[in-house]
Amino acid sequence: MKLKDKSCTTAVKGTLALDKTECEKLLKQLDKNWKLTNESTRLRREFKFKNFKKPWKLLNLIAELSEEQKHHPEISFGWGHLEVEIWSHNIGGLVESDFILSAKIDELLQKYA
């Protein structure tokens, strides 16, 4: 089953984060603009726009998706840019749900474009 077709689950405290090799394998299933950061404990993607309204609209779409999935990324935006950073805060690393949310954001962006 593809990542975008799965649903996020909460990583309970004590869940082991994925190691770098596992993260790199899952990363291959995402858009090439996703990057592993913070020693492979976070996923990050930056979006560029030519105005303020488009990143604001995308922010709202990602926020709605995040609420549906009960998995909330860090989002920063302003004129011409939006950055999304995802990790499972309660374990300080990445689990499959982080990649699922990223894949769903990729799908959302395809519809948005």
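Please refer to the structure placed before this passage.
Residues numbered from 1 in each chain as written. Predicted model: local features only at pLDDT ≥ 70, side-chain atom pairs only at ≥ 80, totals over all residues. Heavy atoms only, no water.

Caption draft 1: Inspection of the sheet that holds strand β2 (residues 42-48) at higher detail. As summarised here, the arrangement of the four strands in space is β1-β2-β4-β3, forming an open sheet in which the pairing is antiparallel. The open sheet is flanked by β1 (35-37) and β3 (74-78), the only strands paired with a single partner. The sheet shows a mean angle of 25° between the axes of neighbouring strands, taken without regard to direction. Where β1 meets β2, three bridges bridge the pair, whose relative direction is antiparallel. Directly across from T37, in β2, lies its bridge partner R42. (Pairing = 2+ DSSP bridges. Helix = DSSP H or I, 4+ residues; strand = E, 2+ residues; numbered from the N terminus. Axes fitted to C-alpha atoms, helices over the stretch in contact; angles between N-to-C directions.)

Caption draft 2: Layout of the side chain of K104. In this fold, K104 is placed in helix α3 (residues 96-112). Within the buried set, K104 has no salt-bridge partner at all; the shortest N-O distance to an opposite charge, 5.4 Å, is to E107. Within the local environment of K104, its side chain forms a polar contact with the backbone oxygen of K6, the two atoms lying 3.0 Å apart. Leaving out residues up to four positions away in the same chain, K104 has contacts with K4, K6, S7, L65 and Q69. (Buried < 20%, exposed > 50% of the residue type's maximum accessible area, 1.4 Å probe, protein only. Lys, Arg positive; Asp, Glu negative; His and termini not counted. Salt bridge = Lys/Arg side-chain N within 4 Å of Asp/Glu carboxyl O. Polar contact = N/O pair within 3.5 Å; in protein donor to acceptor, adjacent residues only side chain to side chain. Contact = heavy atoms within 4.5 Å.)

Caption draft 3: A look at unusual backbone geometry. Positive phi values are uncommon outside glycine, yet N38 reaches one of about 50°. As for its placement among the helices and strands, N38 is situated in the loop between β1 and β2. Phi is positive for K70, close to 55°, though the residue is something other than glycine. Within the element layout of this structure, K70 appears in the loop between α2 (53-69) and β3. Take K70: its relative accessible area is 64%, and that puts it in the exposed class.

Caption draft 4: Just the pattern of salt bridges, in detail. Within this structure, the stated rule accounts for seven salt bridges. The partner of D31 in a salt bridge is R45, with the nearest N and O atoms 3.6 Å apart. A residue pair is termed long-range when its members are at least 10 positions apart, and D31 in the loop between α1 (20-27) and β1 and R45 in strand β2 qualify at 14 residues. Relative accessible area serves as the criterion here: at 28%, D31 is assigned to the partly exposed category. Judged by its relative accessible area of 7%, R45 is buried. R42 is the salt-bridge partner of E85, the closest N and O atoms lying 3.5 Å from each other. Note that E85 is positioned in strand β4 (residues 81-86) and R42 in strand β2, a separation of 43 residues in sequence. In this structure E85 comes out as buried when scored by relative accessible area, which is 13%.

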